Amino acid sequence: MPTLAGGADLDGDGIDDLAAAFHQNQLGPSPGSVSLIPGRDVWPTELFLEDAPTILSRSSDQRFGVSAALIDDMNGDGRAELLLGAPGHNGPQDGRVYLVFGADFGPGDFVEDLVEQGRALRFLDYAPQSNLGYNVDAPGDVNGDSVPDLAMSANFSGVEYSGESYLFFGGADLAARAGGEPIRLADEDARLIRATGD
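The structure presented is a predicted model; accordingly, all values stated were derived computationally and were not measured. (Residues numbered from 1 in each chain as written. Predicted model: local features only at pLDDT ≥ 70, side-chain atom pairs only at ≥ 80, totals over all residues. Heavy atoms only, no water.)

### Considerations on the overall build of the protein
Argument step 1. Counting secondary structure elements, the protein contains 2 helices and 14 strands.
Argument step 2. Relative to its length of 198 residues, the protein is compact, with a C-alpha radius of gyration of 16 Å against a globular reference of 16 Å.
Argument step 3. Summarising its shape, the C-alpha atoms of the protein cover approximately 50 × 45 × 30 Å along the three principal directions.
Argument step 4. Taking as baseline every contact in the protein between residues at least 6 positions apart, the subset at least 24 positions apart corresponds to 55%.
Argument step 5. Just so you have it, the protein exposes about 9,300 Å², and 49% of that area is on carbon and sulfur atoms.
Argument step 6. Across the protein, 11 positive and 33 negative side-chain charges occur, with their mean positions spaced 6 Å apart. (Helix = DSSP H or I, 4+ residues; strand = E, 2+ residues; numbered from the N terminus. Rg over C-alpha atoms; globule rule 2.2 N^0.38 Å. Contact = heavy atoms within 4.5 Å. Areas by Shrake-Rupley, 256 points an atom, 1.4 Å probe, with all protein chains shown as cover. Lys, Arg positive; Asp, Glu negative; His and termini not counted. Charge placed at Lys NZ, Arg CZ, Asp CG, Glu CD.)

In structure tokens, the structure reads:
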């Protein structure tokens, strides 16, 4: 079952787009994928995604694409960004969340390559093996600085594995950090709100 996300303009044409994330089956490892569906004035009655721009993962154990959200333009290029969860496969694992900056994507772009090319960045668990990326969301601009913020959760973190949610304040500086070291949530307390269970 795909995860659908929308409500923002990835390709900068003034029409909101969709992302359909097909994550791997929980019963066995397989790479996930995210197909990008451009918005349009007239839609067909059927839509086939074989030739759609697609973001893939080389890893078979990330559960890449289990969660997805479209984030309003964060870096000022007129394109929305894509937030993708990869919490890991079955039980406590090191999860990650990818922030992919809006661009023209091909039929098979690997998220690992996008990170190396400076077109995406990676967030890592607040605590080890927390399954960060179980959920991601686009909360909007919740601190009034005119920059959209990010929300993500880890289902094996917190007290007795009750889970945690994180609000990460966005900023144009994130684009400059793409291609560099991953962002460890535990090192970002100045721009992170952490909500944990009882």
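### Concerning a nonpolar patch on the surface
Argument step 1. A contiguous nonpolar patch, built from Leu18, Trp43 and Leu47 and spanning about 250 Å² of accessible area, is present on the exposed surface.
Argument step 2. Structurally, leucine 18 can be placed in strand E2 (residues 17-22).
Argument step 3. The partly exposed category is assigned to leucine 18, whose relative accessible area is 35%. (Patch = residues over 30% accessible without salt bridge, like charges linked within 9 Å, V, L, I, M, F, W, Y side chains within 5 Å. Salt bridge = Lys/Arg side-chain N within 4 Å of Asp/Glu carboxyl O. Buried < 20%, exposed > 50% of the residue type's maximum accessible area, 1.4 Å probe, protein only.)

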